[in-house]
Amino acid sequence: MLAGPSRVRLFGELDLRERMMLLERQTQLERLDGLLADAGRGRGCVAVLAGEAGAGKTALVEAFIDRTAQATRIFRSACEDLSIPDPLGPLYDLARDAQWALPQAIDRRQGQRLPLFSDALDIFETKAQPTLLVIEDLHWADDATLDFVRFLGRRIANRHLLLLLTARTDRSEGQMRVRRALGEIPAGSVARIDVPLLSEAAVLSLAEAAGRDGDAIYRATAGNAFFVTELLCSGCEEKTALPASVRDAVLARAERLSAGARSMLDAVSVFPRRADAWALQGLCGVASAGQLAECVANGLLEDLGDGYAFRHEIARRAIEAMLTTSHRRQFNQRALAALLENSEVSTGRLVHHAVEAHNLQAVRELAPVAAREASRVGAHRDAAGFYEAVLRQADSLPVEERTALYEKYAFECHLIGKIDEAIAAQDQARRLHQAQGNTAKEGDCLRWLSRFAYLLGDRMAADALGEQAVQLLETAPAGPELAMAYSNLSQLAMLAERLDDTLRLGNKAIALAEQLNRPDIVCHALNNVGSAEQWLDLANGRLHLARSLEIALEQNFQEHAARAFTNSACSEMNQLGFADARSFLDRGISYCVENDLVTWRDYMRGVLAQLLLRQGQWEEAAGEALEVIANDQATMLVRYPAVVALAKLRIRRGDPSAEPLFAEMTQFLDKGLELQRLAPYAALMAERAWLGQADKDEALGLIALAESLSTTRAVFGELATWRQKLAPDMDPGDTIGMAAPYRLLLAGDWQAAAELWAEMNAPYERGLALAEGDETAQRLALEIFESLGAKPVAVHLRDIMRRNGVNRIARGPRQTTRANRAGLTQRQMEVLQLIERGFSNKRIAERLTISPKTVDHHVSAVLGKLDAVSRGEATAAARDSGLI
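Residues numbered from 1 in each chain as written. Predicted model: local features only at pLDDT ≥ 70, side-chain atom pairs only at ≥ 80, totals over all residues. Heavy atoms only, no water.

1. A short note on the state of the cysteines
Part 1 of the argument: With the rule as written, the count across this model stands at zero disulfides.
Part 2 of the argument: The thiol of C523 is not disulfide-bonded; the next cysteine sulfur, from C592, is found 14 Å away. (Disulfide = S-S within 2.5 Å.)

Printed below as a string of structure tokens:
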């Protein structure tokens, strides 16, 4: 069934649109037909119609629906251009059409999205016939809707479903969020279908049929389908100058309306997407019917049967932009009054009109409700937006209400990575609690500020604020605030490798939390204790981390769960348990994606990049790292693992673009030394010094500094092996507790170390161990480095071999064999083919739905693997070797 009645349109414009379909859209329609047929056979897919505003995406959707409606269950929805997105707005549309009571379903599932989305999947799918779900204008989607799309996309492959999305191709923040969401769906489950501008030939053909000047129309529109339609149907005389823009064309039509109809058009323009008929009648009275009919007759509105909408958002915005401030507020206030009469209207939609009407009282009443609803379903970005809307009038609010709003806003901001805003809001709350003499709440604010400072990378501030919190809370009766403050200090101690302090403070937190029946605090403290115990009692540490994760998942403590996944993975990485680490990372990243925990997701993706690098999957490592680094909202703390991984890769491949990454790491370390941050930086500097790219004494100094911060020798294994490479005569010291490959290498048993690295599938580390061996081992190491594309490392090893008297050292594979031997990945082949076609990096990014930074990396990798210095040389080399 179709969501809502069919649109009523002018015959001439309908005929024109149909001809547009016949002229330029058959390829796209045939592709959609094929995808729907696959869905009917249980091979579902996410199809994305991508094009600029006005390219004809909606018209293409309608044409596809018209030709499939008889044999397909169809549910249609769209996102709206609201001031703050309406959480799960499209899902409400789809549920309404399927006669599924979504509000009751949310209550039944207590706001937990995964069970809710599973229910939705069961509701929409039937094996009797394929189901088409349509969500238009995804670039305006809220976070929860994007999570719904991700959820479906990750499960759609074996379903009788086709999810059809439309999205713009601009570089807006919304489009970037869409790109990230689609990037987290398996590539085989996503089909991108471009909706290009009309060709000059198509415009000339349409203009000829309408008796118009096609050359002039094409020059004015550049083939934008909506603009072409407006000009061809505008009624302008042949000798009259064409409107200079779509806006001018829309306004020219509006000027032909009667005064009453024009006022009605203005009223409809404040409703994003559509205005329900009952709302317009409440807004304008019974006279509205005739005025609406006039707007439809003049091609400005479409009659949806139960409501009205502009033919395109471009047209709506053109009319709305002409309203004076007073008229815009007046129309929005009338819209708000009409919508308040219907209990089924979402709170988010009411807030939009309250904000636009500048109705501060309504915003104060409605925005906190909308924020709670958004947060409940995991739309944290939107929850923060609603709190921000009400806090614009913070000074007019009672102190207790204002304080609570600042705290809730701070919490939502920190969940979406807006740490500066979180700190500002939390400090406002702290000052208000202090003024009221509420010691427990003030201390809790200090503890939160300590956490936020750490997330921002300011270790010194985090320590100071954490100590202040405990000192203040110990002057008041012991409560959950003190228990959490103890656990916060335990966490800071764990992160600084102060193991005794971690256990002492963590156990104090656990004891008090158990006495107070606070499993969330027990869960947090167990995580700290387990992470520290990995260096003291590994089995016990794993047990405590597992218990922390178990509590978090049972109680739906989402952030605690994300942290438990992260620290469990990092613990296994430290122990070189790569298989277990990968399991924790895969589960943790999926959990964070599905629960909108952006900060933890990006941190774990950086750790995953390091793991992939260890296992020789360098391109995949770069892809993960670049996706994190491309997120401008990520703090340096969150970016750090990804920056480390990418810096290692670029050093090993001789990419000069590693320098900015080192500058970023140095700036981060300046805010406070922490061994887990210093150690990878010192290892990187040691590797550079070994390759002759950095000062050896500086690198040894960093290693010595890291050694002074190590409370157990087990932490120091990797750095000890780098020190041995730089200063072979230095005593390696106590190696008890270090991971076996490091211990063996420090004892001089390079062969056993290399075998262990081979068993762990760590080719680069295996090559480093073999480089310490005899001529046969060094030749094998050289092959490994060449196969990985580690050119500077291979050059350095050849120098070592020559100094040792080795003759006839291979120069490395020739250009004609390098592409196959070094291995162009599938993605690099796609990039190479687009380079050959003359695509710029920007166009490649748009075509492949990846970020420009990722394209930069792929282009650099392609040039390096083909031993080319330019795009033209790479293309020529690829042709010579038969790649293209």
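Resuming the write-up.
2. Remarks on the pairing of strand β4 (residues 161-167)
Part 1 of the argument: Judged by how many residues are buried, β4 sits mostly within the fold: seven of seven residues are covered.
Part 2 of the argument: The alternating pattern of β4 places L161, L163, L165 and A167 and L162, L164 and T166 on opposite faces, both of which are buried.
Part 3 of the argument: Here six bridges tie strand β1 (residues 45-50) to β4, and the two strands are oriented parallel to one another. In the sheet register, V48 faces β4, and the bridge partner there is L165.
Part 4 of the argument: Where strand β3 (residues 131-136) lies against β4, five bridges are found, and the strand directions are parallel. (Buried < 20%, exposed > 50% of the residue type's maximum accessible area, 1.4 Å probe, protein only. Helix = DSSP H or I, 4+ residues; strand = E, 2+ residues; numbered from the N terminus. Pairing = 2+ DSSP bridges.)

3. Brief notes about the packing of aromatic side chains
Part 1 of the argument: If you walk through the whole model with that rule in mind, you get 13 aromatic pairs.
Part 2 of the argument: For the ring pair F75 and F124, a centre distance of 5.6 Å and an interplane angle of 50° mean the geometry is tilted. Remark: F124 occurs in helix α6 (residues 113-124) and F75 occurs in strand β2 (residues 73-78); sequence separation between them is 49 residues.
Part 3 of the argument: Residue classification places F124 among the buried residues on the basis of a relative accessible area of 1%.
Part 4 of the argument: Cluster of aromatic residues (ring-pair linked, three or more members): F75, W100 and F124.
Part 5 of the argument: Sitting over the ring of W448, R447 keeps its end group 4.6 Å from the ring centre.
Part 6 of the argument: R688 extends its terminal NZ or CZ atom over the ring of F662, reaching a point 4.2 Å from the ring centre. (Phe/Tyr/Trp six-rings, centres within 6.5 Å; stacked < 30°, edge-to-face > 60°. Lys NZ or Arg CZ within 6 Å of the ring centre and 35° of its normal.)

4. Notes on the sheet that holds strand β8 (residues 307-310)
Part 1 of the argument: Taken in spatial order, the three strands make up an open sheet running β6-β8-β7, and their pairing is antiparallel. Edge positions in the open sheet fall to β6 (275-276) and β7 (301-303), since each of these has one partner strand only.
Part 2 of the argument: The sheet contact formed by β7 and β8 spans three bridges and is antiparallel. Residue pairing in the sheet places D303 in a bridge with Y308 of β8.
Part 3 of the argument: Helix α15 (residues 288-297) rests against β7 and β8 of the sheet, and its axis sits at about 110° to β7. (Contact = heavy atoms within 4.5 Å. Axes fitted to C-alpha atoms, helices over the stretch in contact; angles between N-to-C directions.)

5. Topic: the side chain of E664
Part 1 of the argument: Inspection of the secondary structure assignment puts E664 in helix α34 (residues 659-669).
Part 2 of the argument: Under the relative-accessibility criterion, E664 is labelled buried at 17%.
Part 3 of the argument: A distance of 2.6 Å separates polar atoms of two side chains, one belonging to E664 and the other to R639.
Part 4 of the argument: Setting aside residues up to four positions removed in sequence, E664 forms contacts with M636, R639 and V643. (Polar contact = N/O pair within 3.5 Å; in protein donor to acceptor, adjacent residues only side chain to side chain.)

6. Observations regarding helix α27 (residues 519-533)
Part 1 of the argument: Its 15 residues give α27 an end-to-end C-alpha distance of 21 Å, which sits within 8% of 21 Å, the value for a rise of 1.5 Å per residue.
Part 2 of the argument: With 14 of 15 residues buried, α27 is to be regarded as a mostly interior element. (Expected span 1.5 Å × (residues − 1).)

7. Here we look at the pattern of salt bridges
Part 1 of the argument: Enumeration over the complete set of coordinates arrives at 55 salt bridges.
Part 2 of the argument: Close ionic contact of E674 with R459 constitutes a salt bridge, the shortest N to O distance being 2.4 Å. In this pair, E674 sits in the loop between α34 and α35 (675-690) while R459 sits in helix α24 (residues 459-473), placing the two residues 215 residues apart along the sequence. Grouping residues by exposure puts E674 and R459 together as buried.
Part 3 of the argument: Between R614 and E765 there is a salt bridge, with the nearest N and O atoms lying 3.5 Å from each other. (Salt bridge = Lys/Arg side-chain N within 4 Å of Asp/Glu carboxyl O.)

8. Structural notes on the sheet that holds β4
Part 1 of the argument: Taking strand neighbours across the sheet as the criterion, the five strands line up as β2-β3-β4-β1-β5 in an open arrangement whose pairing is parallel. Each end of this open sheet is capped by a strand with a single partner; those strands are β2 and β5 (190-194). For this sheet the average axis-to-axis angle between neighbouring strands, irrespective of direction, equals 15°.
Part 2 of the argument: Looking at chain direction, β1 and β5 are connected through five bridges and run parallel. Across the sheet, V46 pairs through a bridge with V190, a residue of β5.
Part 3 of the argument: Relative to the sheet, helix α7 (residues 143-153) contacts β1, β3 and β4, its axis offset from that of β4 by approximately 140°.

9. A few points about the pairing of β2
Part 1 of the argument: Counting buried positions along β2 gives six out of six residues, so the element sits mostly inside the fold.
Part 2 of the argument: By the alternation rule, side chains of β2 split into R73, F75 and S77 and I74, R76 and A78, which are all buried.
Part 3 of the argument: Here β2 runs beside β3; their pairing, made up of six bridges, is parallel. Bridge assignment links R73 to a residue of β3, and that residue is T131.

10. Brief notes about the environment of V61
Part 1 of the argument: By secondary structure assignment, the location of V61 is in helix α3 (residues 57-68).
Part 2 of the argument: Between the C-alpha atoms of V61 and P519, which are 458 residues apart in sequence, the distance is 50 Å.
Part 3 of the argument: V61 has contacts with L49, R76, V134, E136, L164 and T166, leaving out every residue within four places of it along the chain.

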